[in-house]
Amino acid sequence: MSDSHQQPAHSPGTGEGPDPASAASLLLCGARLADGRTVDVRLGGGRIEAVGTAGSLTAHGSRVDLNGFLLLPAPAEPHAHSDTALTAFSAEGPVSYAVEEVQRRATEAALLQLGHGATALRSHVRIDEVSGLDPLEAVLQTRRSLRGLTELAVVAVPRLLTGVAGADGLAMLRDAVKMGASVVGGCPDLDADPAGYAEAVLELAAEHGCAVDLHTDGTDPARLARLAAMSGGLRPGVAIGPCGGLSRLPRDTAARAADQLASAGVAVTCLPQGGCGMTDRQGAAPVRLLRAAGVRLAAGSGALRDVSNPVGRGDPLEAAYLLASQAGMRPEDAYAAVSTVARETMGLAEVRVEAGFPAELLAVRGERIAGVLSLAYSRIVIHRGRVVARTSAVREYCDSAAAVALGLPRQGRPDPGRGESG
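What you are looking at is a predicted structure, and each value in this text was computed from that prediction instead of being measured.

**Remarks on the packing of aromatic side chains**
Next, step 1: Scanning all chains against the criterion turns up 0 aromatic pairs.
Next, step 2: Over the face of the ring belonging to Tyr-97 we find Arg-105, whose NZ or CZ atom lies 5.3 Å from the ring centre.

**What to know about empty space enclosed by the protein**
Next, step 1: Applying the stated rule across the entire model yields 3 cavities of 30 Å³ or more.
Next, step 2: For the largest cavity, the calculated volume is near 130 Å³.
Next, step 3: If you trace the largest cavity, you find 15 residues lining it, with Pro-188, Asp-189, Thr-216, Arg-223 and Leu-227 closest to the centre.
Next, step 4: When contributions to the lining of the largest cavity are tallied by element, the ones reaching two or more residues are helix H4 (194–208), strand E11 (211–216) and helix H5 (221–231).
Next, step 5: At 5 residues, H5 tops the list of elements feeding residues into the lining of the largest cavity.
Next, step 6: The residue makeup of the lining of the largest cavity, split by class, is 8 nonpolar, 3 polar and 4 charged.
Next, step 7: In this structure, the second largest cavity spans a volume of roughly 40 Å³.
Next, step 8: Considering the residues around the second largest cavity, the lining is formed by Ala-80, His-81, Ser-82, Ala-85, Ala-109, Gln-113, Gly-302 and Leu-304.
Next, step 9: Along the lines of polarity and charge, the residues of the lining of the second largest cavity split into 4 nonpolar, 4 polar and no charged.

**Some words on the packing of H5 against helix H6 (residues 251–264)**
Next, step 1: Put simply, H5 and H6 touch, their axes get as near as 8 Å, and they point 10° apart. With respect to each other, H5 and H6 are oriented roughly parallel. Contacts between H5 and H6 involve Pro-221, Leu-224, Ala-225, Ala-228 and Ser-231 from the first element and Thr-253, Ala-257, Gln-260, Leu-261 and Ala-264 from the second.
Next, step 2: Taken together, the residues of the contact of H5 with H6 sort by class into 7 nonpolar, 3 polar and no charged.

**Quick notes on the pairing of strand E9 (residues 151–158)**
Side-chain direction in a regular strand flips from residue to residue, so the side chains alternate between the two faces of the sheet.
Next, step 1: Extensive coverage of E9 is indicated by the burial of 6 of its 8 residues.
Next, step 2: With 8 bridges connecting them, strand E8 (residues 120–127) and E9 associate as parallel partners. Following the sheet pairing, Arg-122 is matched in E9 by Ala-153.
Next, step 3: Running through helix H2 (residues 134–145), the crossover from E8 to the neighbouring parallel element E9 is right-handed.
Next, step 4: For the crossover that starts at E9, traverses helix H3 (residues 163–179) and ends in the parallel strand E10 (residues 183–186), the hand is right-handed.

What counts and what doesn't
- Residues numbered from 1 in each chain as written.
- Predicted model: local features only at pLDDT ≥ 70, side-chain atom pairs only at ≥ 80, totals over all residues.
- Heavy atoms only, no water.
- Phe/Tyr/Trp six-rings, centres within 6.5 Å; stacked < 30°, edge-to-face > 60°.
- Lys NZ or Arg CZ within 6 Å of the ring centre and 35° of its normal.
- 1 Å grid on protein atoms, 1.4 Å probe; cavity = no way out; pocket = protein on both sides within 12 Å on 5 of 7 lines; lining within 4 Å.
- Points joined across faces, edges and corners; volume = space filled by probe spheres on them.
- Helix = DSSP H or I, 4+ residues; strand = E, 2+ residues; numbered from the N terminus.
- Nonpolar A, V, L, I, M, F, W, Y, C, P; charged D, E, K, R; others polar.
- Axes fitted to C-alpha atoms, helices over the stretch in contact; angles between N-to-C directions.
- Parallel < 35°, antiparallel > 145°, perpendicular 65-115°, else oblique.
- Contact = heavy atoms within 4.5 Å.
- Buried < 20%, exposed > 50% of the residue type's maximum accessible area, 1.4 Å probe, protein only.
- Pairing = 2+ DSSP bridges.
- Right-handed = clockwise from strand over helix to strand, strands pointing away.

Bear in mind that shape data such as this cannot, by itself, settle questions of function.
Right, here's the structure in full:
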């Protein structure tokens with residue numbers, strides 16, 4: 001039998017949450033690092049205060065025993081769709097995009113992904129003439145209510161930006177930035193003038209100092225070349241994805257496009273678990289080709305149980321698993337795509353399990369990265385120096401005398417006599 005449950009360590013509430021600087025000291029004891037060391041890690045003020053050999057650090061507050069757990073930089077989710085999440089099986093007719101309903105779904109989705117380990121999310125939210133800015137306002141309210149549990153950045157996604165119809169979209173996009181959208185996005189492929197759409201997004205982003213994150217299938221190399229030329233030097237950065245269409249181009253053509261993106265510093269966010277409702281779901285981005293060209297490659301989840309992927313899980317470790325098992329990446333590189341590279345793509349501070357770095361951490365029961373990508377059940381999630389979610393798994397076998405006699409583990413390789421809940 002297998003029993004698994006997630007436990008948020010704090011109810012989200014409706015306020016702004018605690019000041020991260022006031023977080024009490026926390027000592028993580030006996031954690032295994034990716035390089036094989038077993039260490040104690042002391043956290044305080046939202047950062048890692050010290051890392052020492054197991055048993056060498058003194059607790060100034062609470063302790064968490066991580067014996068049997070691998071301690072890693074926490075994942076970040078660079079491509080979520082909070083406004084459409086959890087809408088695949090609506091039992092009450094058409095999906096509602098009222099502010100209250102979107103906020104409820106967005107909150108549930110963010111907590112699901114937090115339980116998987118993602119302590120930061122970038123959510124693409126559609127704004128159009130039908131729903132207006134209500135879904136955006138709902139996700140912004142979710143961001144405020146979850147402060148202290150997770151970081152939620154909002155991408156404003158207009159439908160059209162060129163021609164007569166595009167004037168309203170551009171005005172709505174400006175309003176979205178004023179409301180608090182920190183990233184400007186969209187899907188140029190759906191506009192009658194894709195190049196004009198991308199140019200409008202880039203100009204507005206430069207004007208307001210916003211990052212850019214665009215949906216594209218990547219099937220038009222000339223369009224990608226122009227985007228790369230327009231993006232060069234833009235700060236705080238440009239990302240595109242999921243770029244599954246690049247895999248259908250001739251290899252030389254795709255390689256040339258990848259070189260242009262790399263030279264311009266444009267990141268690519270691939271979606272190993274499947275696409276999202278805004279792009280063609282057929283095919284995956286050519287991961288090896290992009291990395292060989294030097295493109296910064298992050299991996300996201302895309303759809304979370306909406307009509308474009310009714311079984312989407314929103315689990316960054318599954319995305320990493322698919323990169324390793326299907327795209328041939330080393331497990332360490334695959335995990336980096338959903339953690340350190342994803343954070344870089346999102347403009348977040350670097351995280352290492354070293355003194356002075358942000359205390360954004362994930363502890364997973366297991367010995368090495370390859371193992372946790374295969375069987376990542378029990379997880380402890382740390383955001384701003386405190387435990388914000390736990391997932392505990394217990395596996396038991398009926399009449400398992402043979403397993404006991406051989407000393408086989410129920411999950412991971414816990415010490416004899418230790419429980420499995422972490």
